Amino acid sequence: METVPPAVDLVLGASACCLACVFTNPLEVVKTRLQLQGELQARGTYPRPYHGFIASVAAVARADGLWGLQKGLAAGLLYQGLMNGVRFYCYSLACQAGLTQQPGGTVVAGAVAGALGAFVGSPAYLIKTQLQAQTVAAVAVGHQHNHQTVLGALETIWRQQGLLGLWQGVGGAVPRVMVGSAAQLATFASAKAWVQKQQWLPEDSWLVALAGGMISSIAVVVVMTPFDVVSTRLYNQPVDTAGRLYGGLTDCMVKIWRQEGPLALYKGLGPAYLRLGPHTILSMLFWDELRKLAGRAQHKGT
């Protein structure tokens, strides 16, 4: 990879992931609805307004209009910018310090960078989830918070719960992004190196990064989906103490396992891959190509 300053990686990483978010946000809306459907109810005992990917897309479009497939986009872009800016910046610092050259260093650096990014971006993810869950009563799943805008949601949460309320669900978000970030950054680097070693593609071709991203996306979805389901539930649960369904990450996992079955931790797996897969591929491809351009510009400047 081209070597660029961490501050440049911050901008490039945030930009690449925001660009990818525009294309994958509709998949995130569908995934969120599927993960909330049948919350804490045994399979077969609840209505299912969402059936699979195609039917779910159609259900969202019918209920909310085509623009409904981009619900929460502004909050999603804010989250991607904050979370990935911090994540790529911290990972770049680790690379610059040589930590990623140590055994297991890539995984550790990716996990720590992801945890910091998730913490910073948590309020935006909270609002994104709640906005994406909102819909008409006929197809509503999960708790309905009835926010109108991102700023309105911020104001409501701040007024009802105070500053700490903006970090509701962060206990699920941090491990979610830690495992996803570690898997993504570690497997992308190794997958890209493996593809280059096979010499199937020209060494400097963008197809190398594309192939690396495709391999990386599989690992990301497999390890991340259970934490993604839990994170969605924690973020969308009612805010008042009496109405809360979960006490935290472990409590949420145990309740889902007992009341919905272990496979419920992989609810929305198809849309999760259709969203996380392209998002990982596009993010890593855009990031890799932007780093190349920035590295070449830096070399010319010197």
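All of these numbers come straight from a predicted model, not from anything done at the bench.

1. Here's the deal with the overall build of the protein chain
Reasoning step 1: Assigned secondary structure in the protein chain consists of nine helices and zero strands.
Reasoning step 2: Overall, the protein chain shows an N-to-C arrangement of helices and strands of α-α-α-α-α-α-α-α-α.
Reasoning step 3: Along the three orthogonal principal directions, the C-alpha set of the protein chain runs to about 60 × 40 × 35 Å.
Reasoning step 4: A separation threshold of at least 6 residues defines the contact pool for the protein chain, and within that pool the share at least 24 residues apart is 80%.
Reasoning step 5: On the protein chain, roughly 13400 Å² of surface is accessible, and the fraction owed to carbon and sulfur atoms is 67%.
Reasoning step 6: Once the 22 positive and 14 negative side-chain charges of the protein chain are each reduced to a mean point, those two points are 5 Å apart.

2. Observations regarding the confidence of the model for the protein chain
Reasoning step 1: Confidence in the prediction for the protein chain averages 86 pLDDT; 92% of positions are at 70 or higher.
Reasoning step 2: Of all secondary-structure elements in the protein chain, the lowest mean pLDDT belongs to helix 9 (residues 269–301), at 70, while helix 8 (residues 249–260) reaches the highest, 95.

3. Notes on the pattern of salt bridges
Reasoning step 1: Taken as a whole and judged by the stated rule, the model has ten salt bridges.
Reasoning step 2: Where aspartate 64 meets lysine 71, a salt bridge forms, and the shortest distance between an N and an O atom there is 3.5 Å.
Reasoning step 3: Across the salt bridge formed by glutamate 260 and lysine 267, the nearest N and O atoms sit 2.9 Å from each other.
Reasoning step 4: A relative accessible area of 14% places lysine 267 in the buried class.
Reasoning step 5: Here the salt bridges do not stand alone but share partners, grouping Glu28, Lys31, Lys128, Arg176 and Asp228 into one network.

4. What to know about the nonpolar core
Reasoning step 1: Core analysis: the largest hydrophobic core is formed by 19 residues, its most contacted members being Tyr79, Ile127, Val150, Ile157, Val174, Val177 and Tyr235.
Reasoning step 2: Going through the elements one at a time, helix 3 (73–96), helix 4 (105–133), helix 5 (150–161) and helix 6 (170–198) are the ones with two or more residues in this core.
Reasoning step 3: For this core, the element with the most residues is helix 4, which contributes seven residues.
Reasoning step 4: If we ignore the near neighbours within four places in the chain, the residues touching isoleucine 157 are Leu126, Ile127, Gln130, His147, Gly162, Gly165 and Leu166.
Reasoning step 5: With eleven residues, the next largest nonpolar core counts Val29, Ala59, Val139 and Val141 among its residues.

5. Some details on a nonpolar patch on the surface
Reasoning step 1: Taken together, the side chains of Ile218, Val222, Val223, Tyr266, Leu269, Tyr273 and Leu274 define a hydrophobic patch exposed on the protein surface, amounting to about 550 Å² of accessible area.
Reasoning step 2: For the nonpolar patch, the secondary-structure elements that each account for two or more residues are helix 7 (206–236) and helix 9.
Reasoning step 3: On the basis of relative accessible area, leucine 269 is assigned to the partly exposed category, the value being 37%.

6. Description of the state of the cysteines
Reasoning step 1: Counted according to the given criterion, the structure contains zero disulfides.
Reasoning step 2: Cysteine 21 supplies the cysteine sulfur nearest to cysteine 18, a cysteine that is in no disulfide, at a spacing of 6.7 Å.

7. Remarks on the packing of helix 1 (residues 6–36) against helix 2 (residues 52–64)
For any two helices packed against each other, the geometry comes down to the angle between their axes and how far apart the axes lie.
Reasoning step 1: At a minimum axis distance of 10 Å, the contact between helix 1 and helix 2 shows a crossing angle of 100°. Comparing the axis directions of helix 1 and helix 2 gives the class roughly perpendicular. Contacts between helix 1 and helix 2 involve Leu27, Val29, Val30, Arg33 and Leu34 from the former and Phe53, Ser56, Val57, Val60 and Asp64 from the latter.
Reasoning step 2: Among the residues forming the contact of helix 1 with helix 2, the class breakdown is seven nonpolar, one polar and two charged.

8. Here we look at unusual backbone geometry
Reasoning step 1: Backbone geometry places leucine 40, a non-glycine residue, at a positive phi of 55°.
Reasoning step 2: With respect to the secondary-structure elements, leucine 40 resides in the loop between helix 1 and helix 2.
Reasoning step 3: Note on leucine 40: relative accessible area 17%, which makes it buried.
Reasoning step 4: Phi at asparagine 146 is positive, roughly 60°, even though this residue is not glycine.
Reasoning step 5: Locating asparagine 146 in the fold gives a position in the loop between helix 4 and helix 5.

9. Details of the side chain of arginine 176
Reasoning step 1: Note on placement: arginine 176 falls in helix 6.
Reasoning step 2: Not counting the four nearest positions on each side in its chain, arginine 176 is found in contact with Tyr79, Tyr125, Met224, Phe227, Asp228, Ser231 and Arg275.

10. With respect to the packing of aromatic side chains
Reasoning step 1: For the structure on display, the rule yields three aromatic pairs.
Reasoning step 2: Ring geometry for tyrosine 125 versus tyrosine 235: centroids 5.1 Å apart, planes at 40°, classification tilted. Here tyrosine 235 lies in helix 7 and tyrosine 125 lies in helix 4, a separation of 110 residues in the sequence. We note that tyrosine 125, like tyrosine 235, is buried.
Reasoning step 3: Here a set of aromatic residues connected by ring pairs shows up, and it is made of Tyr79, Tyr125 and Tyr235.
Reasoning step 4: Across from the ring centre of phenylalanine 88, 4.7 Å away, lies the NZ or CZ of arginine 87, which sits over that ring.
Reasoning step 5: The ring centre of tyrosine 125 lies 4.2 Å from the NZ or CZ of lysine 128, which sits over that ring.

Reading the values: the criteria
- Residues numbered from 1 in each chain as written.
- Predicted model: local features only at pLDDT ≥ 70, side-chain atom pairs only at ≥ 80, totals over all residues.
- Heavy atoms only, no water.
- Helix = DSSP H or I, 4+ residues; strand = E, 2+ residues; numbered from the N terminus.
- Contact = heavy atoms within 4.5 Å.
- Areas by Shrake-Rupley, 256 points an atom, 1.4 Å probe, with all protein chains shown as cover.
- Lys, Arg positive; Asp, Glu negative; His and termini not counted.
- Charge placed at Lys NZ, Arg CZ, Asp CG, Glu CD.
- pLDDT = per-residue confidence, 0-100.
- Salt bridge = Lys/Arg side-chain N within 4 Å of Asp/Glu carboxyl O.
- Buried < 20%, exposed > 50% of the residue type's maximum accessible area, 1.4 Å probe, protein only.
- Core = buried A, V, L, I, M, F, W, Y, C linked by side-chain atoms within 4.5 Å.
- Patch = residues over 30% accessible without salt bridge, like charges linked within 9 Å, V, L, I, M, F, W, Y side chains within 5 Å.
- Disulfide = S-S within 2.5 Å.
- Axes fitted to C-alpha atoms, helices over the stretch in contact; angles between N-to-C directions.
- Parallel < 35°, antiparallel > 145°, perpendicular 65-115°, else oblique.
- Nonpolar A, V, L, I, M, F, W, Y, C, P; charged D, E, K, R; others polar.
- Phe/Tyr/Trp six-rings, centres within 6.5 Å; stacked < 30°, edge-to-face > 60°.
- Lys NZ or Arg CZ within 6 Å of the ring centre and 35° of its normal.

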